Amino acid sequence: MFNLNTKADGSIANPTEERKDTVDIIESAFQGATTQNTQAVEEALAEPTDRPFRLLIAADWDFGSNDESGQLDLNLLKESYRMLNERIESGQDVEIVTPGYGKGSSNMVEHLAINAAAQHDSVTHRIVPDTKEGQPYHPANKYRRNEFLARYSDAALLFKLHTDKNRMAQHMHTCFQEWTPASRNGQPKRVVVVTREQLS
């Protein structure tokens, strides 16, 4: 189990080196996401069954806003660790996938992933940003990135504050719902959506 007393302040360096193949994977997925060729996308993502379980964790940046006590973000961390521990206790290696957004509650998720990878040998961390290094930002990239994450991840834990279709958690949820087949190895992907009301 993880120690929830560890401060998620970024003081622990991420022991998992940033993988050089991330950009190539994203580029390939972006190209596939712009087509209707589901079979081609599935073939591009075909991988060994013994790879780590990919758990996407993402939060609207302002999920814990206006909560001066910090209790909402603390509950966010607890819920994330609970779902992560379920996978670890099943004996699987886990790859935590995050969108790399460094603000508010989203930043809490990033530090959670860093600390989890530092504390447990079977946990790694992959950041999938919405803009490739050295490239200018474009709003459409985040939507293609979210479509990729729905294909790439085996399960998702989304902390959603807004139902606006353009907000990160809501759009990711929509991508998981619309991706067909929304399964891996014949099993439906588990998507857990948590609202502020549920954690308050």
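Everything numeric here is computed off the predicted structure, so don't read it as measured data. (Residues numbered from 1 in each chain as written. Predicted model: local features only at pLDDT ≥ 70, side-chain atom pairs only at ≥ 80, totals over all residues. Heavy atoms only, no water.)

**Q** Lay out the side chain of E95 with the relevant residues and their values.
**A** By the element assignment, E95 lies in strand β2 (residues 94-98). Within the structure, the side chain of E95 is placed 2.7 Å from the side chain of Y152, a separation counted as a polar contact. (Helix = DSSP H or I, 4+ residues; strand = E, 2+ residues; numbered from the N terminus. Polar contact = N/O pair within 3.5 Å; in protein donor to acceptor, adjacent residues only side chain to side chain.)

**Q** Explain the confidence of the model for the chain to me, and be specific about the residues and the numbers.
**A** Atomic detail in the predicted coordinates should be set aside for any region of low pLDDT. When the pLDDT values of the chain are averaged, the result is 77; 68% of them are 70 or greater. Note on residues 1-23: pLDDT is under 50 here. Beyond four places in sequence and across chains, it has 42 contacts. (pLDDT = per-residue confidence, 0-100. Contact = heavy atoms within 4.5 Å.)

**Q** Explain the pairing of strand β1 (residues 53-59) residue by residue, including any values.
**A** Counted residue by residue, β1 has seven buried out of seven residues, so it is predominantly covered. Residues F53, L55, I57 and A59 of β1 are buried on one face, and the alternating residues R54, L56 and A58, pointing to the opposite face, are buried as well. Pairing analysis gives four bridges linking β1 to β2, with the strands arranged parallel. If you follow L56 over to β2, its bridge partner there is V97. Bridge analysis of β1 against strand β4 (residues 155-160) gives five bridges, and the strand direction is parallel. Directly across from A58, in β4, lies its bridge partner L158. (Buried < 20%, exposed > 50% of the residue type's maximum accessible area, 1.4 Å probe, protein only. Pairing = 2+ DSSP bridges.)

**Q** I'd like a rundown of the nonpolar core, residues and numbers included.
**A** Counting residues in each nonpolar core, the largest one holds 25 residues, and the members touching the most others are L55, I57, L76, L84, I96 and F159. Elements with a minimum of two residues in this core: β1, α3 (71-89), β2, α4 (104-119), β4 and β7 (190-195). At seven residues, α3 tops the list of elements feeding residues into this core. With residues up to four places along the chain from it excluded, the contact list for I57 reads S80, I96, V97, T98, P99, V109, L112, L157 and F159. If you look at the next biggest cluster of nonpolar residues, it comprises 16 residues, including F148, M172, C175 and F176. (Core = buried A, V, L, I, M, F, W, Y, C linked by side-chain atoms within 4.5 Å.)

**Q** I'd like a rundown of the sheet that holds strand β3 (residues 123-127), residues and numbers included.
**A** A sheet is described by the order of its strands in space; here five strands give the open sequence β3-β2-β1-β4-β7, paired in parallel fashion. Looking at which strands have only one partner, the edges of the open sheet turn out to be β3 and β7. Strand-to-strand, the axes of this sheet are offset by a mean angle of 20°, without reference to chain direction. Sitting on the sheet, α4 touches β1, β2 and β3, and the angle it makes with β3 is about 145°. Running at roughly 165° to β2, helix α5 (residues 139-152) makes contact with β1, β2 and β3 of the sheet. (Axes fitted to C-alpha atoms, helices over the stretch in contact; angles between N-to-C directions.)

**Q** Hey, could you go over the packing of α3 against α4 for me, with residue numbers and the actual values?
**A** Where α3 contacts α4, the two axes come as close as 10 Å, and the packing angle between them is 40°. Here α4 runs oblique to α3, going by the angle between their axes. The two elements α3 and α4 cross, and the hand of that crossing is right-handed. In contact with D73, L76, L77, S80, Y81 and L84 of α3, α4 contributes S105, M108, V109, L112, N115 and A116. Looking at the contact of α3 with α4 residue by residue, the class counts come to eight nonpolar, three polar and one charged. (Parallel < 35°, antiparallel > 145°, perpendicular 65-115°, else oblique. Left-handed = near helix turned anticlockwise from the far one by under 90°. Nonpolar A, V, L, I, M, F, W, Y, C, P; charged D, E, K, R; others polar.)

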